[in-house]
Amino acid sequence: MSIILTFLSILIFSMLAGFLGSLTGLGGGTVLVPILTLYLGIPIIYATGSSLISTIATSSGSASAYVKERITSVRIGISLEIATTAGSIVGSLTVAYIYSLRLQYLVYIIFGIVLLFSIYPTLKKMKGEFPTPKPPDWTTRALNLYGEYFDPANNTTVKYWGVRWWLGLIVMFFAGFISGLLGIGSGALKVIGMDYAMNLPMKVTTTTSNFMIGVTAATGSGIYWALGYIQPFLAAPTAIGVLMGSLIGTRVLVRMKNKRIRAVFLIILGFLGVQMILRGLGVL
């Protein structure tokens, strides 16, 4: 009975993580890892491994829906994947070294710092529903980083173009590194890279982030599997739950305003960031 209750608990919390991850572009694992470690007592080594599997499920479930809605910028996502996959490999190898030295508390602290660091750039974007347009630069024209989508919440067609692709590429490498290190899909940094660095609308950043995180997570999960950090009993309910939650989140996202999405994004980052740092310092 205890095994069944544990399985159901993981499944329910995973659904919540998938819903929030799909809604904000965080990728499920950002919420899932703290829940599994802080509230269910699962070692962070196995929580991060299961998180990577669930992140693949989130991307597979929500990204297809966003592509169908024509909100996701596939061109921008693919152009940035080179950096994220390279960073994911480096991060996965780094975390194996950290665990071999029994320095797991560093992972908690790094996790919390990454989440809190993500708040400021997003907070600056709270003033407007859509970003202030910036003149297209050479990367915009060379890579054709243009797009448009229909926004039901504002009943308007939004036209946009990305800028500073090179800066987004740098952020994406670190996003991939954090993904491999923490097993979270690094949706938070991906959103910042496209929202803050490339000046894209929030809905484009969250949906494109969901499109990208599956590839990033798949790269790191191969290394995690080889190292024995992925446990099937944890991976199964997390993958199922996150997939179900992400499908629900896709239906909610298109009807929400960008300001509300950012508000949810900030609250989650702040709460979980503080909790993870306290856990790493031994307070929790």
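Described below are features of the structure shown in this document.

1. Observations concerning the overall build of the protein chain
Phase 1: Counting secondary structure elements, the protein chain contains 12 helices and two strands.
Phase 2: Of the regular secondary structure in the protein chain, the N- to C-terminal order runs α-α-α-α-α-α-α-β-β-α-α-α-α-α.
Phase 3: Across the 284 residues in the protein chain, those meeting the buried criterion constitute 56%.
Phase 4: Partitioning the intrachain contacts of the protein chain with sequence separation of at least 6 by distance along the chain shows that 82% fall at a separation of at least 24.

2. So, the side chain of T37
Phase 1: Structurally, the position occupied by T37 is in helix α2 (residues 29–39).
Phase 2: A polar side-chain atom of T37 sits 2.8 Å from the main-chain carbonyl oxygen of V33.
Phase 3: In this view, T37 contacts I42, P43, I44, A47, Y108, M276 and R279; residues no more than four positions away in its chain are not counted.

3. Digging into helix α8 (residues 165–182)
Phase 1: Here α8 is 18 residues long and its end C-alpha atoms lie 25 Å apart, about the 26 Å a rise of 1.5 Å per residue gives.
Phase 2: Along α8, the positions that sit buried rather than exposed are W165, G168, M172, A175, G176, I178, S179, G180, L181 and L182.
Phase 3: Positive backbone phi, at 65°, marks G183, one or two positions downstream of α8.

4. What to know about the packing of aromatic side chains
Phase 1: On inspection of all chains with the given rule, the structure shows four aromatic pairs.
Phase 2: Relative to Y229, the ring of Y99 lies with its centre 5.3 Å away and its plane at 90°, an arrangement referred to as edge-to-face. Taken as a pair, Y99 in helix α4 (residues 74–100) and Y229 in the loop between α10 (202–227) and α11 (232–253) lie far apart in primary sequence, 130 residues in all.
Phase 3: In this structure Y99 comes out as buried when scored by relative accessible area, which is 6%.
Phase 4: Every member of this aromatic cluster is reached through a ring pair, and the members are Y99, Y224 and Y229.

5. Structural notes on a nonpolar patch on the surface
Phase 1: On the surface, V90, W138, W166, I170, F173 and F174 cluster together to form a nonpolar patch covering roughly 620 Å² of accessible area.
Phase 2: Here W138 lies in helix α7 (residues 138–143).
Phase 3: We classify W138 as exposed; its relative accessible area is 55%.

Calculation notes
- Residues numbered from 1 in each chain as written.
- Predicted model: local features only at pLDDT ≥ 70, side-chain atom pairs only at ≥ 80, totals over all residues.
- Heavy atoms only, no water.
- Helix = DSSP H or I, 4+ residues; strand = E, 2+ residues; numbered from the N terminus.
- Buried < 20%, exposed > 50% of the residue type's maximum accessible area, 1.4 Å probe, protein only.
- Contact = heavy atoms within 4.5 Å.
- Polar contact = N/O pair within 3.5 Å; in protein donor to acceptor, adjacent residues only side chain to side chain.
- Expected span 1.5 Å × (residues − 1).
- Phe/Tyr/Trp six-rings, centres within 6.5 Å; stacked < 30°, edge-to-face > 60°.
- Patch = residues over 30% accessible without salt bridge, like charges linked within 9 Å, V, L, I, M, F, W, Y side chains within 5 Å.
- Areas by Shrake-Rupley, 256 points an atom, 1.4 Å probe, with all protein chains shown as cover.
- Salt bridge = Lys/Arg side-chain N within 4 Å of Asp/Glu carboxyl O.

Worth remembering: the numbers are spatial, not functional.
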